[in-house]
Each structure stands twice: as C-alpha cells, then as structure tokens.
Amino acid sequence: MRKLDQALSRFCAKHPYWGIPNLMRYIVAGTVIMYVLILVTNYQAYYLLDLSFSAILRGEVWRLVTFIFVPVSLSPISLAISLYFYYWIGGILENYWGTPKFTIYYLSGIILTLLASLIAYLSGGGDYGYGMHYVNMAMFLAYAILNPEAYVYLLYLIPIKVKWLAYLDLIYFAYDVLTAIGARAWGYAAAPIVALLNFFVFFYPYFSHKARQERYRASKQATRFRQTVKASQQPKSYNHKCEVCGRTDTDYPNLSFRYCSRCTGYHCYCEDHIFNHVHHTEDP
C-alpha cells in the first residue's frame, strides 16, 4: 500500500498539470443534463444509458461512460441537494490533493465500479446499474476525515458536525452491504465495498500517519508514567539534615534546624544538637 501511494505521489509530482480541473463541475453538469433527458424521454433514456453489461456485450459500449451521469434519485429536491454536496466536497478534495490526484481518485472509482459490476454479472449476481452513487458518497467520508469538526446546516437551520454525518454515512454503507448479502445480491454488495476500498487506498497515508501519532503518544505516556513511578520510589529530598543524628526537615517537619556559627564552614544541626556537638575548626 505504501509503495502504491509513493508511486501515485511521484506521478502527481511529475505531472502537475495532468487531470481535469474542476472535474466535479462537469460531473454535476452532465448529471443535470442526464436528468432532463430522462424526464423528456419518459424514462427511456435511463434504460438506454444506465450500466448494463448484458447490453454492453451486445455492442452498447457508450454505457461505459454514460452511467457516470445517471442520477440515483429522480426527486428534484434530493438530486439538487446531493449534487450541491458533491460539487462542494469535490472542490475541497481537489484543492487538498491537487487536480492530478483527485482526477485519479475519481477515475479509479469509475474503474472499480465497472469491475464490480462485471464480476457480479459474470458470477450470476445480476445485471445491475450502480452509477457513481457510492463513490460520491465515499467522497463525503473523505471530507469528514479532513474536517471532522466542521458544521453542516441541515435545512439551513440545524447545525450538525460533519463527523456525526460521517458515522451515519458508514451506517448507510454497512446497511446496504448487509442487506445485499442477506438477499444474496452480491452485485449490490460489491458496489459500496469497492467505493470504500477506493477511499481507503487514497487515505492510507492519513490513516498510517494517525496510527504512528497514536503509538508515539502512547509511548510518551508510558514513559512519563515510568518516570513518575521511579520518582515516587526514590528517597524523599530534604533541605536540612542534622550532622549528628541524621534527622531531616522532611522526616521531622516540626523540628528546628540551625547552622552553627562557631563551626568553620556550613554545618547544620537539629535543635537537640545545635549546642551539643563537636565544633568544626580549621586545620592548623
């Protein structure tokens, strides 16, 4: 995984102008055109342009491209909200990664979706049209990883943190996968799985960096804990110690200590021995 990321980073560094700038603008525009075309043709365009490998094998190769723009929902309100989010989040990811990497991310999502559809078709899982719904939904997870504390205003009134919506997004993915597996519709299960796989591959460096940070933090905490235990096991320090009896102000906080003025140098004694000790004098 690390080598794949390094190869991708080298390619993007060597080809900074490769890719399609503002890619999501064209995706959104194509989806709007497709939506209008479906309505004008009384849904016939949907059956003619959606992903179907049985139709592709009969020569309808345009479906390999047109399925990208087929909307999942034909509700105008739902479509408008989803397209707005896709355009907004796609622009943020393109600014974060750069045009080459974001273009590769979306293209790899297309290829993986086609591959999942082909495998499902060949294995008898059905001839389903997935569209780019799950790939686009996975983009929201990518945005949530980068901006977990940002707010989205539901109905322009209710503020909700992006990270909570990301949890709902994951629940949605899990529900679709488990429902498809329960119904033995392997083709339907493959589409969300490959979208999450594509997301994980491109965010592997982020997850790897976070894991290293957590290990480092845990290591520092363990080190500090060991230092604290070691310090607590060491003998207590003191400021004054009687040179006769060895008592200290730490062990006997109520005991008075003084320095003898008749001794040469600094010599400390407790109150019991300040006047009862052999004085230190200089050698003759």
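Because the structure is predicted, anything quoted here is derived from the model rather than measured. (Residues numbered from 1 in each chain as written. Predicted model: local features only at pLDDT ≥ 70, side-chain atom pairs only at ≥ 80, totals over all residues. Heavy atoms only, no water.)

> Honestly, the nonpolar core in this entry has me stumped. Any pointers?
Soluble, globular proteins show a tendency: their nonpolar side chains are buried together. Core analysis: the biggest nonpolar cluster contains 44 residues, and Phe 102, Tyr 105, Tyr 106 and Met 139 have the highest contact counts within it. Looking at this core, the elements that each hand over two or more residues are α1 (2-14), α2 (23-40), α4 (53-57), α6 (76-97), α7 (99-122), α8 (133-146), α9 (162-182) and α10 (186-202). Looking at which element gives the most residues to this core, the answer is α8, with ten residues. Filtering out sequence-adjacent residues up to four positions away, Tyr 106 remains in contact with Leu 23, Met 24, Ile 27, Ile 68, Met 132, Val 135, Asn 136 and Met 139. Residues Cys 260, Cys 268, Tyr 269 and Cys 270 belong to the second largest nonpolar core, which totals nine residues. (Core = buried A, V, L, I, M, F, W, Y, C linked by side-chain atoms within 4.5 Å. Buried < 20%, exposed > 50% of the residue type's maximum accessible area, 1.4 Å probe, protein only. Helix = DSSP H or I, 4+ residues; strand = E, 2+ residues; numbered from the N terminus. Contact = heavy atoms within 4.5 Å.)

> Would you explain the pattern of salt bridges in this entry?
For side chains of opposite charge, pairing can occur when their charged atoms come near one another. Counted by the stated rule, this structure contains two salt bridges. A salt bridge links Glu 60 to Arg 63; the nearest nitrogen and oxygen atoms lie 2.7 Å apart. Side by side, Glu 60 and Arg 63 carry an identical accessibility label, which is buried. With a shortest N-O distance of 2.8 Å, Arg 247 and Asp 272 are connected by a salt bridge. Separated by 25 residues along the polypeptide, Arg 247 in the loop between α11 (204-233) and β3 (257-259) and Asp 272 in the segment after β4 (268-270) bring together distant segments of the chain. (Salt bridge = Lys/Arg side-chain N within 4 Å of Asp/Glu carboxyl O.)

> Where do I start with the packing of aromatic side chains in this structure?
The tally for this structure, following the rule as stated, stands at 16 aromatic pairs. Aromatic side chains Phe 11 and Trp 18 sit 5.6 Å apart centroid to centroid with 75 degrees between the ring planes, which places their arrangement in the edge-to-face category. Relative accessible area serves as the criterion here: at 30%, Phe 11 is assigned to the partly exposed category. A relative accessible area of 34% means that Trp 18 is categorised as partly exposed. (Phe/Tyr/Trp six-rings, centres within 6.5 Å; stacked < 30°, edge-to-face > 60°.)

> What am I meant to see in α2 here?
Residues lying three or four places apart along an α-helix face the same way, a consequence of the helix completing one turn every 3.6 residues. Between the first and last C-alpha of α2 there are 26 Å, a value that for 18 residues agrees with the 26 Å anticipated at 1.5 Å per step. The inward-facing, buried residues of α2 abut α3 (44-49), α5 (63-66), α6, α7 and α8. Remark: Asn 42 follows α2 within two positions and exhibits a positive phi of approximately 55 degrees. (Expected span 1.5 Å × (residues − 1).)

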